[in-house]
Amino acid sequence: VMNLQNLRSRSHIIKLIRAWFDERGYAEMHTPRLVGLPGQEPHLEPFWTEVTQHATRNTQHPVALITSPEYAMKRLLAEGMEKIYDLGPCFRNNEPWDGTHDPEFLMLEWYRKGATLSDLMDDTEDMVMSVAREFRISPSSLTRSWRRITVEQAFREYLNVELTPLLDDLEGMKKLAISLDQTVDDNDSWDDVFFKIFLSHIEPKLGAEQPTFLHRYPASMAALARRSANDPRYADRVELYIGGLELANGFAELADADEQRKRFEEEQALRQAHGKKIWPIDEKFLEALPKMGNAVGIAFGVDRFVMLLTGAKSINDVVPFSARERFLTGS
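Below is a summary of the structure that appears in this document. What you are looking at is a predicted structure, and each value in this text was computed from that prediction instead of being measured. Here the residue numbering is sequential within each chain, running from 1 through the sequence in written order. Reporting in this predicted model follows two pLDDT cut-offs: at least 70 for local features of residues, and 80 or more for side-chain atom pairs to be given and counted; totals over whole chains, interfaces and linings ignore these cut-offs and use all residues. To obtain the side-chain values, all non-hydrogen atoms of the structure were used and water was disregarded.

Re helix H5 (residues 170-179)
Part 1 of the argument: Exposed residues in this analysis have more than 50% of their type's maximum accessible area, buried residues have under 20%, and partly exposed residues fall in between, with area computed by a 1.4 Å probe over protein chains only. Helix and strand labels come from DSSP, where a helix needs a run of H or I of at least four residues and a strand needs a run of E of at least two; each type is numbered from the N terminus. Those residues of H5 that sit buried are Gly 172, Met 173, Lys 174, Leu 176 and Ala 177.
Part 2 of the argument: Note on contacts: a residue pair is in contact if any heavy atoms of the two residues lie within 4.5 Å. Buried residues in H5 make contact with helix H4 (151-159) and helix H6 (190-201).
Part 3 of the argument: Looking one or two residues past H5, Asp 181 carries a phi angle of roughly 65 degrees, positive in sign.

A look at the pairing of strand E4 (residues 60-65)
Part 1 of the argument: Should DSSP find at least two bridges between two strands, the strands are regarded as paired. Taken together, the two bridges between strand E2 (residues 34-35) and E4 define a ladder with antiparallel strand orientation. Looking at E4, one finds that Leu 34 is bridged to Leu 65.
Part 2 of the argument: When strand E3 (residues 48-52) meets E4, the two strands line up antiparallel, connected through five bridges. Along E4, the bridge assignment pairs Thr 52 with Gln 60.

Regarding the nonpolar core
Part 1 of the argument: Throughout, nonpolar core names a set of buried Ala, Val, Leu, Ile, Met, Phe, Trp, Tyr and Cys residues whose side chains join them through atoms within 4.5 Å. Ranked by size, the top nonpolar core spans 44 residues in total, and within it Ile 17, Leu 108, Trp 110, Met 127, Phe 300 and Phe 305 carry the most contacts.
Part 2 of the argument: Looking at this core, the elements that each hand over two or more residues are helix H1 (4-23), strand E5 (83-91), strand E6 (104-113), helix H3 (117-135), strand E10 (231-242), strand E11 (245-252), strand E12 (295-301) and helix H9 (302-310).
Part 3 of the argument: Ranked by residues supplied to this core, first place goes to H3 with nine residues.
Part 4 of the argument: Setting aside residues up to four positions removed in sequence, Ile 17 forms contacts with Leu 87, Leu 108, Met 127, Val 131, Val 302 and Phe 305.
Part 5 of the argument: If you look at the next biggest cluster of nonpolar residues, it comprises 25 residues, including Val 151, Phe 155, Leu 163 and Tyr 234.

Brief notes about the pairing of E6
Part 1 of the argument: The buried fraction of E6 amounts to seven of the 10 residues, a majority that puts the element mostly inside the structure.
Part 2 of the argument: The pairing of E5 with E6 spans nine bridges and is classified as antiparallel. Residue Lys 83 lies in a different strand from E6, and its bridge partner there is Arg 112.
Part 3 of the argument: Examined bridge by bridge, E6 and E12 share seven bridges and lie antiparallel to one another.

Quick notes on the environment of Trp 110
Part 1 of the argument: Topologically, Trp 110 is positioned in strand E6.
Part 2 of the argument: You can call Trp 110 buried: its relative accessible area is 0%.
Part 3 of the argument: If sequence neighbours within four positions are ignored, Trp 110 has contacts with Phe 21, Tyr 26, Ile 84, Tyr 85, Leu 120, Asp 123, Thr 124, Met 127, Val 296, Gly 297, Ile 298 and Phe 300.

Some thoughts on the packing of aromatic side chains
The geometry of two aromatic rings is summed up by the distance between their centres and the angle between their planes.
Part 1 of the argument: Any two of the Phe, Tyr and Trp rings considered here, Trp counted by its six-membered ring, make a pair once their centres fall within 6.5 Å; the pair's planes then place it as stacked at under 30 degrees, edge-to-face at over 60, or tilted in between. Under the defined criterion, the tally for this structure stands at 16 aromatic pairs.
Part 2 of the argument: Following the ring pairs from residue to residue traces out a cluster consisting of Trp 20, Phe 21, Tyr 26, Tyr 85, Trp 110, Phe 300 and Phe 305.
Part 3 of the argument: Looking at Arg 237, its charged tip hangs above the ring of Tyr 217, at a distance of 4.3 Å from the centre.
Part 4 of the argument: In this analysis the charged atom, NZ for Lys or CZ for Arg, is taken to sit over a ring once it is within 6 Å of the ring centre and within 35 degrees of the ring normal. We note Lys 277 situated over the ring of Trp 48; from NZ or CZ to the ring centre the distance is 4.4 Å.

Let's talk about the sheet that holds E4
Part 1 of the argument: With respect to topology, three strands assemble into an open sheet ordered E2-E4-E3, the strand pairing being antiparallel. Of all strands in the sheet, those with a lone pairing partner are E2 and E3, marking the two edges.

Brief notes about the packing of H4 against H6
Part 1 of the argument: Whenever a helix is involved, its axis is fitted only over the stretch in contact; in every case the axis is a line through C-alpha atoms, and angles between N-to-C directions fall within 0 to 180 degrees. Relative orientation of the contacting elements H4 and H6 amounts to 60 degrees, with a least axis distance of 12 Å. The pairing of H4 with H6 is recorded here as oblique in orientation. Of the two elements, H4 crosses H6, and the hand of that crossing is left-handed. For the pair H4 and H6, contact is made by Val 151, Phe 155, Tyr 158 and Leu 159 and by Phe 194, Ile 197 and His 201, respectively.
Part 2 of the argument: Grouping the amino acids of the contact of H4 with H6 by side-chain chemistry returns six nonpolar, one polar and no charged. Angles are sorted into four bins: roughly parallel if under 35 degrees, roughly antiparallel if over 145, roughly perpendicular if 65 to 115, and oblique for all others. Should the near helix be turned anticlockwise from the far one by less than a right angle, the crossing is termed left-handed; should it be turned clockwise, right-handed. Three classes are used, and their members are as follows: Ala, Val, Leu, Ile, Met, Phe, Trp, Tyr, Cys and Pro are nonpolar, Asp, Glu, Lys and Arg are charged, and the others, Gly among them, are polar.

Structural notes on the side chain of Glu 152
Part 1 of the argument: Here Glu 152 shows up in helix H4.
Part 2 of the argument: Under the relative-accessibility criterion, Glu 152 is labelled buried at 16%.
Part 3 of the argument: Here Glu 152 is in contact with Leu 163, Thr 164, Arg 216 and Tyr 234, once residues within four sequence places are set aside.

Some remarks on the side chain of Glu 109
Part 1 of the argument: Relative to the helices and strands, Glu 109 is located in strand E6.
Part 2 of the argument: Within the buried set, Glu 109 has no salt-bridge partner at all; the shortest N-O distance to an opposite charge, 6.0 Å, is to Arg 92.
Part 3 of the argument: The term polar contact refers here to a pair of N or O atoms within 3.5 Å; inside protein, the definition further demands a hydrogen-donor-capable atom paired with an acceptor-capable atom, and it admits residues adjacent in sequence only when both atoms are side-chain atoms. In this structure the side chain of Glu 109 is engaged in a polar contact, spanning 2.6 Å, whose partner is the side chain of Tyr 111.
Part 4 of the argument: With residues up to four places along the chain from it excluded, the contact list for Glu 109 reads Ser 68, Pro 69, Glu 70, Met 73, Ile 84, Tyr 85, Asp 86, Ile 298 and Ala 299. Positive charges come from Lys and Arg alone, negative charges from Asp and Glu alone, with His and the N- and C-terminal ends not counted. Each salt bridge in this description consists of a side-chain nitrogen of Lys or Arg and a carboxyl oxygen of Asp or Glu lying within 4 Å of one another.

Below is the structure:
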């Protein structure tokens with residue numbers, strides 16, 4: 001049964017989000033949803049189709065629906081935009097239909113030039129709390145003070161483990177995982193083992209008591225983020241957790257085209273190793289990157305935010321039609 005009250009609330013929340021950005025001088029961008037070269041992330045799968053150009057030869061061009069507007073937004077920063085946001089649908093194939101994911105979802109992404117990761121966390125907290133106040137609902141998960149911890153601190157706090165000495169030590173990470181009853185195999189990379197530990201023993205505890213920003217990730221887990229100035233083994237990436245939901249993922253943006261090319265090539269190799277489709281690197285994006293300068297940006301899940309503010313237990317309760325209803329036509 002469709003929850004009409006939640007749909008009205010969703011509409012109201014989206015208006016409040018736009019108002020927050022508009023009042024602070026951000027320009028709303030509507031970036032392309034169909035692109036020839038989508039993101040290279042090894043753990044995300046784009047939807048592919050073809051665009052046919054009418055009345056010309058060789059008319060079919062492979063195109064994908066975007067998994068995020070990130071590439072286009074950074075190119076706009078390179079062209080001279082300074083404060084921009086995009087609030088629109090994004091698409092990811094091969095996602096679980098588990099109540100917190102949907103193949104088509106509403107994403108808010110915003111970027112600011114000349115700001116720091118700390119500024120980005122400030123803005124995110126202010127936007128969330130402002131919208132919650134205007135919406136006149138403050139779930140218990142938003143009534144406590146916000147927390148900021150590094151990945152290193154999280155390992156120390158929840159596992160009593162020092163992460164930094166393990167950063168280049170695959171065997172040491174495997175031993176830690178086995179001691180925590182995780183299974184590991186010969187093909188597991190350092191990142192694979194990290195995620196087995198993180199997803200089972202750290203992530204479930206984040207944001208349960210109070211809104212929590214987790215920042216300073218191992219550099220291998222932040223393909224589009226700048227390395228931390230005081231330790232290049234870490235990168236300036238941040239995620240936000242509230243009430244059991246991961247709501248946002250942001251970076252101090254990498255503007256070094258050579259370093260970015262190297263990371264894209266590593267991601268392509270990883271995709272290939274897992275038998276996944278690969279496509280060329282976006283050269284226009286790399287060309288624009290150095291002109292972007294010092295910027296921060298974050299991707300924020302609007303559907304999950306609506307879930308948080310309405311108390312809904314599933315994404316299906318805050319979208320007009322569930323994935324099951326849209327795609328399983330025979331039932």
